[in-house]
Amino acid sequence: MLYFAAVMKNAARILAIVFGLAFLGATLLNADLIGRSRKALASGIFKDQSALVARRYELVVVMPETDDSFFSGLLSGIMDRAAAADAAVQVFRYPASSPDDAERYFDIALRAKADGLIMYTPRNDPVAGRLEAAGKAGVVMIPVGTDAPAGGLPRFIGSSSLLQGFEGGRIICGKLGSSARIGIILPASREGDPRDEPIYKGVASAIMSFPGARISALIRGGQGLLSGEESAASILHANPGINALFCTSARDTIGAAQVVVDLNKVGKVMIVGADETPEIDRYIEKGVIQASIVRDSRRVGQEAVLAFMDIKAGRPARESIEVGFSLRSARGIK
Amino acid sequence: MILGTIRGRIIANSAVVLIVMAVACLYTGLASSELARSVELLFRNNLVMEDLSRTLDSTEASLSTYLMTKSSDSLKDYIRESTRLAENARKLNRSIKEDEVLLLQRDINGLVVDYLSDAEACVAAKRGRDIPAYTQHFQESERTADLIRFLVARLEGLFLSDSVVAFSSFDRQIGRVIATNAALVIAAALMGLMLLVRFSYTLTGPLSRLAEAARAIGRGEYDHELPALDSSDEVGTMAAAFSSMQESVKRAFAELKSKSEVEKRLMEERMRGLDMEHKLKDAELLALQTQINPHFLFNTLQAGMQLSMVEGADRTTDFLEKLAGFIRYALKPPSRSVLVSDEIECVARYIWLLKLRFGERFDFSLEADDAVLGVETPALLLQPLVENSVGHGLKDREGGGRVEVRARVSEDGSSALLTVSDTGVGMEASEVERLLREGDDDEDLADRGIGLRNVIRRVKLATHGRGAVELESRPGEGTTVRIRLPMETHR
């Protein structure tokens, strides 16, 4: 009996400790959960703004929602310089298949009185009217893109598709000479007659020096994930004589490489692609892709922010800027 | 002070148990409430957006109504709703921070400002009856309202996405919280139970020990140690009273025991006296039985002695005189005490008679120190021993034998030694041992006569165990019987 009483006494102590630990554990766990709830709330309206960096300018970026590495490079360049410009960047992406949505974001930027607007401008966009409207709303607009609008435009910052096409044609013909039979896959984010595309014109100009060489196929790439493969397969099936593919986006380049490998045409079909990705680099190392022309979209973004800063600082607006490109091949980067 | 009583301790312990349980339940309740509140907060952002959208709709509606009716009531409605819209917009972030959500809020706020600006311009143009202007401002405000709704929807999507992510985090934790709180409640319940059990033992333990002590004392274990109780409550008081009672009982029983032992000793003494008296009576009875014929014989011998004296037969007269004297001595109660000198005189007569009977066949020797003649001794000790020597020891000795009777003081002077020795056939050691053992036994001697055993018995009784009879004998070497009598029996 006394032993049982002693056991009860010890058990009571042990349970008191267990109770204390359970109470402490429950307190800590609940406190942790409450902390999590506060943290979750902080990501919304009630977030702790003191932890965020305050900026002088709000810079709106409007660009299509696409996996084209040109745009990731563009945004990366903008972010590089945004801190130096003391600007917080607000990115609006619209579906590449729905360019009208770009107008909505443009409108929002103007009515919300953003300080600056960097907007992707396809070749045929009414960018002049937008520049005027932005000016009236007091919003500094910097149009960026791959090709300057027809007739030119001040402040426009982009890469030259014409030069890109010329370089591609030169590489292909430099390898294949007059026997070059080229298939071109144009960017999906553009509209209009493909023969009006500066890239096509660039390739066409390059092959003029190689009589007999010709562009056998010209198509515009699709928007889907496998559009590159679809486009390449389509060209090669429709034009069995094609011995060179020129692609203008990373997705199309990788898709074309896979099709060439699948059709066992490595070495028979030369590929000159665009942009840089680890996958493209791997295909270059294996000799499936001969070269990739990389437009310096990062610099486009950086130059856009610099142009914004110049205008905000009262300096005269820059002229249009066309950034260059680099060439990735098995022999390295040029 | 309240803990000094059992009632107070019951109340205090019950309160502790209740408090523990209440704390556990309250805590789990608060935790659940906090969880619910956190979930509610997760969606509060969306509620703010909902308010903004609602006030935007109502502002638009009131503006449209005003533009259509131009009534003061609709104008008041518009002013009220637009004010609420502005207030809701002010809840949104307006600073420029590197955060998508905050920038969206800033955009919405800017759009609301732009909307209200157009709306104000629209109302003013309406009041100024500038139809193209208010139409244009109204369209602009409609366009801005659409953009606000677009961004609100986008922001709500972000909030919802954040909320879902946060809620999924909660969802993972809720199970742990429930398990933890359940464990807390179980621990609290067990804790309460243990407290109750422990308290019950604390309360009943001393009572149980007291009850055990009471049972032990009831069984007669008056030295059972009482449990040490330091409590100052009723149990402590009971224990103190019980201890005092135990001491009283112990004292009372000690006194009773002492008295009982004294009475027991007295009773034993009395029983021993009665036993001795009884045995003496037996011996006397036996002696009386042996005296029936000697009395008749004594009287007859007296008559014969007178006859022989008349006839002048001197030798016959001596014989009868010796015989009559011996019988007279023998007829007296054997339990009486006599002097060693009386015993010597009796033995001398007996030897004279034996010599008359056996002639020169046996040689008798009788010696007695003067120092022992006055020593008190039971009567008829020596005669049976001499009779045994002649009747048993020397009976079969055809060549005769010798019987010596001696009375002297022991070497240390503490005893009188009466010795009867013969040169008879002697006895085996086992026979010697048997005779001595039978002499010590308290068995009935009625059918055995007065012999060595009778002598041993009477010496023991008369000297209260201080005297002794020793027997030495070997086959063919005779027998010596030695009686030790305490010298203190001098008259």
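Predicted model only: the values in this text are computed from it and were never measured.

Peer 1: Which parts of the structure should I look at to understand the overall build of chain A?
Peer 2: Looking only at helices and strands, chain A features 10 helices and 13 strands. Relative to its full complement of 334 residues, chain A shows a buried share of 48%. Sequence-distant contacts, at least 24 apart, represent 72% of the contacts inside chain A between residues at least 6 apart.

Peer 1: Explanation requested: the sheet that holds strand 1 (residues 57-65) of chain A in the structure shown.
Peer 2: Strands pair in a sheet through their backbones, by hydrogen bonds, and they do so in one of two ways: parallel or antiparallel. Residue and element names in this part refer to chain A. Overall, parallel pairing links the six strands, which are arranged 2-1-3-4-5-11 in an open sheet. At either end of the open sheet lies a strand with only one pairing partner, and these are strand 2 (87-95) and strand 11 (321-323). Taken over all neighbouring pairs, the strand axes of this sheet differ in orientation by 20° on average, direction set aside. As judged from the four bridges shared by strand 1 and strand 3 (residues 116-120), these two strands associate in the parallel manner.

Peer 1: Is there a simple way to explain the pairing of strand 7 (residues 479-486) of chain B in this structure?
Peer 2: Successive residues of a regular strand alternate their side chains across the two faces of the sheet. All names here are of chain B. In strand 7, alternate side chains face the same way, and those of Thr479, Val481, Ile483 and Leu485 are buried while those of Thr480, Arg482, Arg484 and Pro486 on the opposite face are not. Bridge count between strand 5 (residues 415-422) and strand 7: eight bridges; the pairing is antiparallel. Note on strand 7: the bridge partner recorded for Leu418 is Ile483. For strand 6 (residues 468-473) and strand 7, the ladder comprises six bridges, and the chain directions are antiparallel. Paired with Ala468 across the strands is Arg484, a residue of strand 7. The turn linking strand 6 back onto strand 7 is made up of five residues, and Gly476 within it adopts a positive phi angle of 85°.

Peer 1: Any chance you could explain the nonpolar core here in plain terms?
Peer 2: A general trend in soluble globular proteins is that nonpolar side chains are found buried together. Within the largest apolar cluster, 73 residues are counted, with the highest numbers of intra-cluster contacts made by Val62, Ala109, Leu117 and Ala304 of chain A together with Ile148 of chain B. In terms of residue count, helix 4 (residues 100-127) of chain B provides more of this core than any other element does, 10 residues in total. When neighbours within four sequence positions are excluded, Ala304 of chain A is seen to be in contact with Ile78, Ile118, Ile142, Val144 and Ile157 of chain A. Ala180, Leu186, Ala256 and Val288 of chain A belong to the second largest nonpolar core, which has 44 residues in total.

Peer 1: I would appreciate a short explanation of the packing of helix 2 (residues 69-82) of chain A against helix 10 (residues 297-312) of chain A in the present structure.
Peer 2: For any two helices packed against each other, the geometry comes down to the angle between their axes and how far apart the axes lie. Residues and elements named next belong to chain A. The N-to-C vectors of helix 2 and helix 10 enclose an angle of 40°; their axes lie 6 Å apart at closest approach. As judged from the angle between their axes, helix 2 and helix 10 are oblique. For the element pair helix 2 and helix 10, the recorded crossing hand is right-handed. On helix 10, the residues that touch Phe70, Gly73, Leu74, Leu75, Ser76, Gly77, Ile78, Asp80, Arg81 and Ala82 of helix 2 are Ser297, Arg298, Arg299, Val300, Gly301, Gln302, Ala304, Val305 and Leu306. Across the contact of helix 2 with helix 10, the residue classes break down as nine nonpolar, six polar and four charged.

Cut-off values and rules
- Residues numbered from 1 in each chain as written.
- Chains lettered and ligands numbered in written order.
- Predicted model: local features only at pLDDT ≥ 70, side-chain atom pairs only at ≥ 80, totals over all residues.
- Helix = DSSP H or I, 4+ residues; strand = E, 2+ residues; numbered from the N terminus.
- Buried ≥ 20, exposed ≤ 12 C-beta atoms within 10 Å, placed from the backbone.
- Contact = placed C-beta atoms within 7 Å.
- Pairing = 2+ DSSP bridges.
- Axes fitted to C-alpha atoms, helices over the stretch in contact; angles between N-to-C directions.
- Core = buried A, V, L, I, M, F, W, Y, C linked by C-beta atoms within 7 Å.
- Parallel < 35°, antiparallel > 145°, perpendicular 65-115°, else oblique.
- Left-handed = near helix turned anticlockwise from the far one by under 90°.
- Nonpolar A, V, L, I, M, F, W, Y, C, P; charged D, E, K, R; others polar.

By themselves these figures say nothing about function.
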